[in-house]
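Coordinates in review
This is what each chain is made of:
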Amino acid sequence: MAEEQNKQKIEDEKKIVEQPKEEIKVEEKKSEKEKKKKSEEGKPRKTEAVVNGRDLGISTKHSMAICNFIRGKNVDKAISQLQEVADVKRAIPMKGELPHRKGMERGRYPSKASKQFIKLLKQLSANATINGLDLEKTRIECRANRASRPYKRFGSERFKRTHVTLKLIMPIKKAKK
């Protein structure tokens, strides 16, 4: 009998020792979850998504015309229209002495630049989904700048280089007066 009582005491002590460890683990898990929630709540929600294309091997003139063409449009609509440009079905309106195109005064089909812009727009839509933006409510802001142009072989000509910045922003509603 004495042995049985000793065994029960030892088992009871084991249970007492094991119980606080489990409670501590549960409390640690709860505190970790609370920290994660606080960190998520504490972060400001992003209102825009940005993609930068640096030193792209496309014409600055073509990229500026494409920026003017897609500015203020939806991402999906811009991608579909630029795909038509790459397939030589739709022209981009441009300035200068250029031949007239179907449905517009003057324009060109910059297929190489439009393919680069399609890649950038797909990256932009992925950034927007990660940032939690609604793609249907956002609009494109676009800017193209001339980059430094390295010399070609033998130093007589230079390569084409352009910096492109694409932003996806929520349009600002103007107050009625």
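Below: a short report on this structure.

Definitions and cut-offs
- Residues numbered from 1 in each chain as written.
- Predicted model: local features only at pLDDT ≥ 70, side-chain atom pairs only at ≥ 80, totals over all residues.
- Heavy atoms only, no water.
- Helix = DSSP H or I, 4+ residues; strand = E, 2+ residues; numbered from the N terminus.
- Areas by Shrake-Rupley, 256 points an atom, 1.4 Å probe, with all protein chains shown as cover.
- Buried < 20%, exposed > 50% of the residue type's maximum accessible area, 1.4 Å probe, protein only.
- Contact = heavy atoms within 4.5 Å.
- Pairing = 2+ DSSP bridges.
- Axes fitted to C-alpha atoms, helices over the stretch in contact; angles between N-to-C directions.
- Lys, Arg positive; Asp, Glu negative; His and termini not counted.
- Salt bridge = Lys/Arg side-chain N within 4 Å of Asp/Glu carboxyl O.
- Polar contact = N/O pair within 3.5 Å; in protein donor to acceptor, adjacent residues only side chain to side chain.
- Phe/Tyr/Trp six-rings, centres within 6.5 Å; stacked < 30°, edge-to-face > 60°.
- Lys NZ or Arg CZ within 6 Å of the ring centre and 35° of its normal.

It is worth spelling out the overall build of the chain at this point. Helix and strand counts for the chain come out as four helices and five strands. Going from the N terminus to the C terminus, the chain shows its helices and strands as α-β-α-α-β-β-α-β-β. In the form shown here, the chain has an accessible surface area of approximately 13700 Å², with 49% of it arising from carbon and sulfur atoms.

The residue leucine 82 is located in helix H3 (residues 75-86) in this model. Take leucine 82: its relative accessible area is 0%, and that puts it in the buried class. When the C-alpha atoms of leucine 82 and proline 110 are compared, they prove to be 9.4 Å apart, with 28 residues separating the residues in sequence. Here leucine 82 is in contact with Ile66, Phe69, Ile70, Ile92, Ser114, Phe117, Ile118 and Leu121, once residues within four sequence places are set aside.

The next thing to look at is the sheet that holds strand E4 (residues 139-146). Across the sheet, which stays open at both edges, the three strands sit in the order E1-E5-E4 with antiparallel pairing between neighbours. Single-partner strands in this sheet number two, and they are strand E1 (48-56) and E4. Averaged over all pairs of adjacent strands, the angle between their axes in this sheet comes to 10°, without regard to strand direction. Pairing between E1 and strand E5 (residues 162-169): seven bridges, direction antiparallel. Along E5, the bridge assignment pairs glutamate 48 with isoleucine 169. The strands touched by helix H4 (residues 111-131) within the sheet are E1, E4 and E5, with E1 carrying the most contacts at an inclination of about 150°.

Secondary-structure assignment places lysine 73 in the loop between helix H2 (60-70) and H3. No salt bridge is formed by the buried lysine 73. Its closest oppositely charged neighbour is glutamate 84, at 9.0 Å. Engagement of the side chain of lysine 73 in a polar contact is seen with the backbone oxygen of phenylalanine 69, the distance being 3.1 Å. Once you skip the residues sitting within four places of it in the chain, lysine 73 turns out to touch Gln81, Thr138, Arg139 and Ile140.

Next up on the list: the packing of aromatic side chains. Scanning the entire structure with this criterion turns up zero aromatic pairs. Positioned above the aromatic ring of phenylalanine 69 is the side chain of lysine 73, whose terminal nitrogen or guanidinium carbon lies 3.9 Å from the ring centre. The ring of tyrosine 151 has arginine 158 sitting right over it, with the charged end atom 4.2 Å from the ring centre.

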